[in-house]
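Residues per chain are reported as follows:
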Amino acid sequence: TREWVGQTLGAVDIEIRARVDGWLQGIYFTEGSEVRKGTLLYKIDATELEQAVAEAQGNVASIKTLLAQAEDDVKRYTPLAEVGAVSKRDLEIAISTYEARKGELDAALAGLNITQTNLGYATITAPISGLIGISAARVGDFVGRPPNPVILNTISQIDSIHVRFSISEQEYLYLVTKFRETDNSKSKNKRPLEMVLADGSIYPEKGFVVFAQRQIDPTTGTLQFEASFPNKQKILRPGQFAKIRTVVEERK
């Protein structure tokens, strides 16, 4: 057998970020507990964001009024220009003004959409179901702008636990050659792994490699792997020390 030192992490680890800056108004979950997707986690003071939305709405309303006036001018000048009551130049100016107002309205609506999106960021909900950690900020803290907290927390899915470990380039070349000689097509890439925990006990469930890094790290000369182990009882947590063990050769 061979062993490699690794560290556990969630099957999915999602960082909860403050995408707008402001004063943290409320925390609505129990730290270290399970949260469901869509659960309200944090609220950031949205006073300035609400003002920005109101200004954008006023700008849209103003441009809509100007657009309506420009449309009326085009409708009024079109029959007059046909009978020569007004010059074609006046009609062209009215049409150009109408087209410009439409462009201004599109820009104003885009600005309104941005302000409404930013306002939505003031309410932070859980993007996935999982185990949430201890908050990096407290009510009353200013968040969202360095050096204040930007990453407020992390949610991990731990129904299965992943272990990240690295092997040397020499070991990688040896194992590729060895497994190619011994593995048949059915068992290829499905060699079971054991996990040895910090207290020396062996985790009862077997795991398998789920992916490997694309390249050898030139600074360390190692290749990083990630293995997945079932964790239905949720005994394992992210950040634990673990050794990965596998049988590389059988001798009789």
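Residues numbered from 1 in each chain as written. Predicted model: local features only at pLDDT ≥ 70, side-chain atom pairs only at ≥ 80, totals over all residues. Heavy atoms only, no water.

A. Up close: the pairing of strand β11 (residues 222-230). Note: strand β8 (residues 151-168) against β11, nine bridges, orientation antiparallel. Paired with V163 across the bridge in β11 is A227. As judged from the four bridges shared by strand β10 (residues 208-212) and β11, these two strands associate in the antiparallel manner. Directly across from A212, in β11, lies its bridge partner F225. (Pairing = 2+ DSSP bridges. Helix = DSSP H or I, 4+ residues; strand = E, 2+ residues; numbered from the N terminus.)

B. Summary view of the sheet that holds strand β5 (residues 123-125). The four strands lie next to each other as β5-β4-β2-β7, forming an open sheet whose pairing is antiparallel. With one partner strand each, in any of the chains shown, β5 and β7 (142-143) form the two edges of the open sheet. Here strand β2 (residues 22-27) runs beside strand β4 (residues 40-44); their pairing, made up of three bridges, is antiparallel. Its bridge partner lying in β4, L24 is registered against I44.

C. Structural detail: helix α1 (residues 47-82). In this model α1 runs 53 Å from its N-terminal to its C-terminal C-alpha over 36 residues, within 8% of the 52 Å that 1.5 Å per residue would give. All of the buried residues along α1 are L49, V53, A56, V60, I63, L67, A70, V74 and A81. Along its buried surface, α1 packs onto α2 (88-121). (Expected span 1.5 Å × (residues − 1). Buried < 20%, exposed > 50% of the residue type's maximum accessible area, 1.4 Å probe, protein only. Contact = heavy atoms within 4.5 Å.)

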